[in-house]
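# Fold and geometry: a report
Each chain, written out:
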Amino acid sequence: MRWGTAVVAATAVAAAGAAALLIGRRVADLSLRPELAEDGGLKGEPALRVLEVGAQEVSLTRTQAGLRRGRYALDWPGGHAVVGQVLRTGPRSVTRRLELTAGAPLTAGTEVELSPRVLRGDPGSACGLDYMDVIVDGELGALPAWYVPAVRGTWVIAVHGRLADRRQALPVLPVLKRLNLPALVVSYRGDQGAPASPDGIGHFGETEWHDVEAAIRFAKEAGAGRIVLYGWSVGASTVLQTAARSDYRESVAGLVLDSPVLDWSASVRGVAARSGVQGALAGKLGAWSAEARTGVDQDAFARIADGAELAAPTLLLHSPQDTVVPFAAAQRLADRRPDLVSLYPVPDAGHAALWNADPHGYEERLRRFLTPLL
């Protein structure tokens, strides 16, 4: 009996260990393999269902995301809509202004995804801007990019986050155009149309920064003088690493960091929670798994994230309500480098959806930061 009990106990421990490994790997995958995440959706939020549609308003099931201020997209199979301000709320509903619809009709009972992607397409179809499709010669191969020409010698290089693509930069392109700043909106390893990372996963910017450096080289060879690096989420972390490590760092005139991942292990835990994988242990297991699989140099990452190697003026935009990347890390960076970092909090906004929450305020803060760098 004792032997049988021991065998059962050992089997249970082994099973628990295997389950823990699977949970850790799953959580890490959500951050390291973005193709597993919904395209642009606010993961972790309950599905929204259309309750009623009027000529200029739509009523949805009430959720935290559905109550956020600002402009958002609703997407469903074959259809797309843009919703604006909250008009009224009920115990189980929220009614928002309906700004436009396209594609399949939006009807009561339709299940929709709330997304920050108000603008779709490319700089021409989405923003009415002249642009060119160009190729950046990256370390691993050809990297597709959009180039929006303008007359200034300072170029802006825009780097999207890992759960997004180049369309994430579309809302800010009109602002850059009004300032006559050329913009290069880049892709990097692992993106659709770009070479895959050798191991098939992301590395929180630790390898991806080489692709941003290639974009700087492209800009410099095309006649750029100074460079402003602009990144969202992990793209912002990649921008920070580029500014610290690149051979072109002396050309970097400024950084714009939107919802930057400054504590990558906390980010892994946040992505897990937003994706429905709950529990502190699951988050820790995911962070350990991500560290083991990526080989991220934690000390180097922390040093860069804390601003120890920061040398250019930096606009840091972040939401205190960000459930993926803790605001405390942004506040710490601003406190440690007040000589270079300006922190602009955007309340009641989702991760990397700051423009959506306050388009006018976001654009005005961006304009004020960039004007001295022209």
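Look up: the structure comes first, before these words.
Residues numbered from 1 in each chain as written. Predicted model: local features only at pLDDT ≥ 70, side-chain atom pairs only at ≥ 80, totals over all residues. Heavy atoms only, no water.

## Describing empty space enclosed by the protein
Per the counting criterion, the structure on display carries two cavities of 30 Å³ or more. Size it by volume and the second largest cavity reaches roughly 30 Å³. Around the second largest cavity sit Ser237, Leu240, Gln241, Val261, Leu262, Phe301, Ile304 and Ala305, which together line it. Here the lining of the second largest cavity is built from residues that sort into six nonpolar, two polar and no charged. (1 Å grid on protein atoms, 1.4 Å probe; cavity = no way out; pocket = protein on both sides within 12 Å on 5 of 7 lines; lining within 4 Å. Points joined across faces, edges and corners; volume = space filled by probe spheres on them. Nonpolar A, V, L, I, M, F, W, Y, C, P; charged D, E, K, R; others polar.)

## Focus: the environment of Leu255
Inspection of the secondary structure puts Leu255 in strand 12 (residues 252-258). A C-alpha to C-alpha distance of 5.8 Å links Leu255 and Tyr230, two positions 25 residues apart in sequence. In contact with Leu255, other than residues within four places in its own chain, are Leu229, Val239, Leu240, Ala243, Leu310, Pro313, Thr314, Leu315 and Phe369. (Helix = DSSP H or I, 4+ residues; strand = E, 2+ residues; numbered from the N terminus. Contact = heavy atoms within 4.5 Å.)

## Quick word on the pattern of salt bridges
Inspection of the entire model under this criterion finds 15 salt bridges. With a closest N to O distance of 2.9 Å, Arg167 and Asp165 form a salt bridge. Residue classification places Arg167 among the partly exposed residues on the basis of a relative accessible area of 22%. Across the pair Glu309 and Arg303 runs a salt bridge, and its minimum N-O distance is 2.8 Å. Take Arg303: its relative accessible area is 41%, and that puts it in the partly exposed class. Counted as one network, the salt bridges with shared partners bring together Arg117, Asp165 and Arg167. (Salt bridge = Lys/Arg side-chain N within 4 Å of Asp/Glu carboxyl O. Buried < 20%, exposed > 50% of the residue type's maximum accessible area, 1.4 Å probe, protein only.)

## Focus on helix 11 (residues 359-370)
For helix 11, built from twelve residues, the straight-helix expectation of 16 Å at 1.5 Å per residue is met to within 8% by its first-to-last C-alpha distance of 16 Å. Listing the buried residues of helix 11 in full gives Pro359, Gly361, Tyr362, Leu366, Phe369 and Leu370. (Expected span 1.5 Å × (residues − 1).)

Function cannot be inferred from these measures alone, as they are strictly geometric.
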